[in-house]
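This is what each chain is made of:
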Amino acid sequence: MAIPGRSRLPNRRDALLIVLAAVAVNLIGAAGVPFTATGSAWFAGLELPAYYPPGWAFGVVWPVLYALIGAAAALVYLRGRDARDARIARDARAALGLFAVQLGLNVAWSPVFWGLERPDLGLAVLVALLPLVAATILAFDRVDRRAAALLVPYLAWVCFATALNYGIWALN
């Protein structure tokens, strides 16, 4: 008997899809890298909050988070694809649509914060992103609880990033 909100373990083909989704989301997330200029005169002139992490932390955290959220999206896709219940298939499509919107907003932060050199607008992007990530977790939970759980570290980091961006904005 299947447990609602859980799906079977992935077979090799599905596991490959999960890995490819993790890589694809990392590539999408990397779209903001050209805008990131931690060595720029603008950034060097900013006062940073005391809780600003070392620069290398971002290069470790984001690829892991993007892999988790890519895997989560793949799990929702697979559950929707294999659903015998029309409601689950519909919920999966809606959840993936919400996922795409929040991922687009996530990617928009770098050009806004770094490219425009606007911490205030970067903060606005993050304030809009937070409820979208939370809504995506809830939408994923209706389809696959494992997928929802994979997004929790992402939500935590976006909360931290919001506090960090606020600190930069407030100090400058």
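Parameters at a glance
Within each chain, residues carry numbers counting from 1 in the order of the written sequence. Per-residue local features of the predicted model are confined to residues with pLDDT of at least 70, and side-chain atom pairs are confined, for both listing and counting, to 80 or more; whole-chain, interface and lining totals are unaffected and use all residues. Each side-chain value is derived from all of the structure's non-hydrogen atoms; neither hydrogens nor water enter the calculation. Put plainly, a pocket is an open set of points on a 1 Å grid over the protein atoms alone with protein on both sides within 12 Å along at least five of seven lines, a cavity is a set where a 1.4 Å probe fits but cannot get out, and a lining residue has an atom within 4 Å of a point. Grid points are joined across faces, edges and corners, and a volume is the space filled by probe spheres set on the points. Put simply, DSSP H or I for four residues or longer makes a helix, DSSP E for two residues or longer makes a strand, and each gets a number counted from the N terminus. Residues are grouped as follows: Ala, Val, Leu, Ile, Met, Phe, Trp, Tyr, Cys and Pro are nonpolar; Asp, Glu, Lys and Arg are charged; all remaining types, including Gly, are polar. To qualify as a nonpolar core, a set must consist of buried Ala, Val, Leu, Ile, Met, Phe, Trp, Tyr and Cys residues joined through side-chain atoms within 4.5 Å. To sort residues, take the accessible area from a 1.4 Å probe on protein chains only and compare it with the maximum for the residue type: under 20% means buried, over 50% means exposed, and anything in between is partly exposed. In what follows, a contact means two residues having at least one pair of non-hydrogen atoms within 4.5 Å. To define axes, lines are fitted to C-alpha atoms, for helices over the stretch in contact only, and angles between the resulting N-to-C directions are given on a 0 to 180 degree scale. Between 65 and 115 degrees an angle is taken as roughly perpendicular, under 35 as roughly parallel, over 145 as roughly antiparallel, and anywhere else as oblique. By definition, turning the near helix anticlockwise from the far helix through less than a right angle yields a left-handed crossing, and turning it clockwise yields a right-handed one. Only residues above 30% relative accessible area that lack a salt bridge enter a patch, with like-charged residues linked at up to 9 Å and the nonpolar side chains Val, Leu, Ile, Met, Phe, Trp and Tyr linked at up to 5 Å. For the accessible areas, the method is Shrake-Rupley and the probe is 1.4 Å, while residue cover comes only from the protein chains on display. Salt bridges are defined as contacts in which a side-chain nitrogen from Lys or Arg sits within 4 Å of a carboxyl oxygen from Asp or Glu. Multiplying one less than the number of residues by 1.5 Å gives the expected span of a helix.

1. Overview of the layout of surface pockets
Right, so step 1: Taken as a whole, the largest pocket encloses approximately 680 Å³ of empty space.
Right, so step 2: Lining the largest pocket are 28 residues, with T36, F58, W62, W109 and S110 positioned closest to its centre.
Right, so step 3: For the lining of the largest pocket, the secondary-structure elements that each account for two or more residues are α1 (12-29), α3 (55-82), α4 (86-115), α5 (119-141) and α6 (145-171).
Right, so step 4: Taken together, the residues of the lining of the largest pocket break down into 18 nonpolar, ten polar and no charged.

2. Brief notes about the nonpolar core
Right, so step 1: Membership of the largest hydrophobic core comes to 42 residues, with the highest contact counts inside it found for I69, V76, F99, F140, L151 and Y154.
Right, so step 2: Sorting the residues of this core by element identifies α1, α2 (41-44), α3, α4, α5 and α6 as the ones contributing at least two each.
Right, so step 3: Ranked by residues supplied to this core, first place goes to α3 with eleven residues.
Right, so step 4: When sequence neighbours within four positions are dropped, the list of residues in contact with V76 reads A92, A95, L96, F140, V143 and A147.

3. Let's talk about the side chain of T136
Right, so step 1: Locating T136 in the fold gives a position in helix α5.
Right, so step 2: Of the residues examined, T136 reaches a relative accessible area of 1% and is grouped as buried.
Right, so step 3: In this structure, T136 is in contact with L98, F99, Q102 and L151, ignoring residues within four places of it in sequence.

4. Observations concerning the packing of α5 against α6
Right, so step 1: The N-to-C vectors of α5 and α6 enclose an angle of 165°; their axes lie 9 Å apart at closest approach. Classified by the angle their axes make, α5 and α6 are roughly antiparallel. You can see that α5 and α6 cross each other, and the crossing is left-handed.
Right, so step 2: Of the residues in the contact of α5 with α6, the class split is 22 nonpolar, four polar and three charged.

5. Some remarks on a nonpolar patch on the surface
Right, so step 1: Side chains of V19, V23 and L27 sit close together on the surface and give an oily, nonpolar patch of about 290 Å² of accessible area.
Right, so step 2: Structurally, V19 is set in helix α1.

6. Observations regarding α5
Right, so step 1: Look at α5: 32 Å from first C-alpha to last across 23 residues, which is about the 33 Å you get at 1.5 Å a residue.
Right, so step 2: Among all positions of α5, only P119, G122, L123, V125, L126, L129, V133, T136, I137, A139 and F140 are buried.
Right, so step 3: Those residues of α5 hidden inside the fold are in contact with α2, α3, α4 and α6.

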